[in-house]
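Structural features, examined
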Amino acid sequence: MIEKDPIKRVLYIDLTKKKFWIEERPELFSEFIGGTGVAIKLLEENCPPEIHPFSPDNPIIFAIGPLNGVFPIASKTVAMFKSPHTGNLGESHAGGRSALSIRMAGYGAVIIKGKSERPCYISIYSDKVFFRDATTLWGLDEGLSAARLIREREPGAGLRTIIRIGPAGEKLISYACATLETYRHFGRLGLGAVFGSKNLKAVLIAGKRNLPVTDFKEYKQIYIELVKQLRESEKMKKYHELGTPANILPLSFSKGLPVKNLLTNEMQGVENISGELFAAKHLGRRVACAHCPVACVHLAALRKPYEDEPYFYRTIYLSYDYELIYALGSMLGISDSVDILKLIEIVEDMGVDAMSTGVALAWMTEAFQKGIITEKHTEEISPQWGNAEGYIEIVKKIVYSEGEFYKDLGKGVDYVSEKYGGKDFALIYGKNEMPGYHTGPAAHIGYLFGARHSHLDSAGYSIDTKSMTKSITAEQLVENILEEEQWRQIISSLVICFFGREVYTQKMILKCLKLSGYELNDKDLLRIGREIYANKYKFKVNCGFNLENVNLPKRVFEIPSSIGLINKDFTDRAIALLKEKIKSLL
Ligand code: SF4
């Protein structure tokens, strides 16, 4: 690490005492690089594993790495906390301006602990921290209004990030998200609810610094090479042109797109929700996270009429991607792109994770159809596949209803299926709802045993895709999952957007790290990745996560995937092997 690099500075904020202080932790950033590697060590230090996730002692940790602010597409921030959704490791990544703002403010990590007596937001301007009253922002019926008011009140336009919650976070919905820069999210595992439990409406961070590199000439060459690859390679062009919705049609054709709570893999009218259709009909503009030349964020323009003014409209912009079209479209049997956008709008307004919400709505629909829940539970609403208006009402009920069923649904599919029944079709993995890839065993095993229960842990869908052309043994599948997840610990310690992972090869990462003052070799990277992965798993286990208590949903084996029906014996064998491998690391 370069001596004068501020990456080693950690800002501690105590919301109870309204105090803050800065500590230098060079040993942490030398040993674990940054991002997820440093965040898990800070979580170990600051979060007693037995606490309730809504305890004031649950820390919110934001961490970045030495490449952020220096190299392109190193544009993400890691958030870590004890998850109110799963009861163990909470980890979520987001871009926007967050990483650059934390870096420019002069920190490698920010830790927020305690609980404010009244609603508040925090403004961090380099070495100064202000605790602002947010009483008037609390209870606004959508998160965007609060962000607008903070933007108007505070300086730092163009330099700042504003991370804020909506009504769902205030109401402690266990899958509430935190939103930043309007279109980006710390989506999964309930960071928004942890904000809410602390009476914390928002965090603003801004700063202006110069960052050091060891060799400016070499830096310039590498920087140019990276930008060229990120802008011109065919792979990266896909992210810019159609974005991840480009995957809707191929996944649907290969039977990997889950439809109606995975009752089927046949999406009627899939061409009406394809990436091509969204681009042709709705694309208003593309935006990028700060310091990213790719600009994969696709914004749809949705024209909305004013209720009492004929021929007057307002245009709102909504970000859409593959996961949203899956969770709020195919999963609910919705094949109208405008309906999907309306659902995206309500999910944005309420501040809930789109994937968990979509899967919760899908479970509810099937449970209703099977008579497991009735209109008595649903307050006279009848959920129906394809009925977007009905689903919009249900999302509002999840956040605002005082009724028992909706309060339960706000705790996730694991909770409701445990209480009301319907476990066989509860699409949950370690208590987290299913991502949108039914491609084969690797995807499902990856969700089940990934440290975050996310498709991004090991990208099992890509292992499945490769095994479509070349058969694979259970041993190879397990090796591939573990290797990928451990390597991803390095990417997310740096914190490079996963979309840039093929440009940032091991060789390229070592070159960039050298310019940031790290003398590491390829073996060091593999060792550090393995250690970070083990540290995350140890935290999960200390919180009570038991490898023996998680199972794949029965439904997964009933509906053919991209590779056909998933073989249960093969999957069981791979799971047994993976468990042994994980245990050996603990
Ligand atoms: S590729 Fe997309 S998500 Fe990744 S940093 Fe760039 S704009 Fe953000």
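Quick note: structure is the one above.
Fair warning: this is a prediction, and the values are worked out from it, not measured in the lab.

The subject of this paragraph is the packing of helix α10 (residues 275-282) against helix α12 (residues 337-350). Between α10 and α12, the least distance of the axes is 11 Å, while the angle of their chain directions is 85 degrees. Looking at the two axes, α10 sits roughly perpendicular to α12. Here α10 contributes Leu277, Phe278, Lys281 and His282 to the contact with α12, which in turn contributes Ser337, Val338, Ile340 and Leu341. In terms of residue class, the contact of α10 with α12 is built from five nonpolar, two polar and one charged.

The next thing to look at is α12. For α12, built from 14 residues, the straight-helix expectation of 20 Å at 1.5 Å per residue is met to within 8% by its first-to-last C-alpha distance of 20 Å. Of all the 14 residues making up α12, 11 are buried; the element is thus mostly covered by neighbouring parts of the structure. Backbone nitrogen of Val338 and a side-chain oxygen of the N-cap are separated by 2.8 Å at the start of α12; the cap is Asp336.

We now examine helix α24 (residues 568-585). Along its 18 residues, α24 runs 26 Å from first to last C-alpha, staying within 8% of the 26 Å computed at 1.5 Å per residue. By the burial criterion, the buried members of α24 are Thr571, Ala574, Ile575, Leu578, Lys579 and Ile582. The buried residues of α24 occupy one face: seen down the axis, they fall within an arc of 140 degrees. Residues of α24 that are exposed and point over 90 degrees away from its buried face: Asp569 and Ser584. Tucked inside the fold, the buried residues of α24 contact α18 (441-449), α21 (474-494) and α23 (522-542).

Okay, the pattern of salt bridges next. Inspection of the entire model under this criterion finds 38 salt bridges. Note that Lys237 and Glu234 form a salt bridge whose closest N and O atoms lie 3.4 Å from each other. With Lys237 and Glu234 both in helix α8 (residues 234-241) and three residues apart, the pair spans about one turn of that helix. We classify Glu234 as exposed; its relative accessible area is 60%. Its salt-bridge partner being Glu389, residue Lys342 comes within 3.7 Å of it at the nearest N-O pair.

Close to the ligand lie Ile73, Ser75, Lys76, Arg184, Ala288, Cys289, Cys292, Val294, Cys296, Val297, Cys497 and Phe499, which account for all nearby residues. For the shell around the ligand, the per-class residue count stands at nine nonpolar, one polar and two charged.

Let's shift gears to empty space enclosed by the protein. Tallied over the entire structure, the rule returns two cavities of 30 Å³ or more. The space that makes up the largest cavity amounts to roughly 50 Å³. Glu91, His93, Arg452, Leu456, Asp457, Glu485, Arg488, Gln489, Ser492, Phe498 and Lys536 together form the lining of the largest cavity. With four residues, the top contributor of residues to the lining of the largest cavity is α21. In terms of residue class, the lining of the largest cavity is built from two nonpolar, three polar and six charged. Of the pockets and cavities examined, the second largest cavity occupies roughly 30 Å³.

The rules behind these values
- Residues numbered from 1 in each chain as written.
- Predicted model: local features only at pLDDT ≥ 70, side-chain atom pairs only at ≥ 80, totals over all residues.
- Heavy atoms only, no water.
- Axes fitted to C-alpha atoms, helices over the stretch in contact; angles between N-to-C directions.
- Helix = DSSP H or I, 4+ residues; strand = E, 2+ residues; numbered from the N terminus.
- Parallel < 35°, antiparallel > 145°, perpendicular 65-115°, else oblique.
- Contact = heavy atoms within 4.5 Å.
- Nonpolar A, V, L, I, M, F, W, Y, C, P; charged D, E, K, R; others polar.
- Expected span 1.5 Å × (residues − 1).
- Buried < 20%, exposed > 50% of the residue type's maximum accessible area, 1.4 Å probe, protein only.
- Polar contact = N/O pair within 3.5 Å; in protein donor to acceptor, adjacent residues only side chain to side chain.
- Arc of directions from axis to C-beta.
- Salt bridge = Lys/Arg side-chain N within 4 Å of Asp/Glu carboxyl O.
- Near = heavy atom within 4 Å.
- 1 Å grid on protein atoms, 1.4 Å probe; cavity = no way out; pocket = protein on both sides within 12 Å on 5 of 7 lines; lining within 4 Å.
- Points joined across faces, edges and corners; volume = space filled by probe spheres on them.

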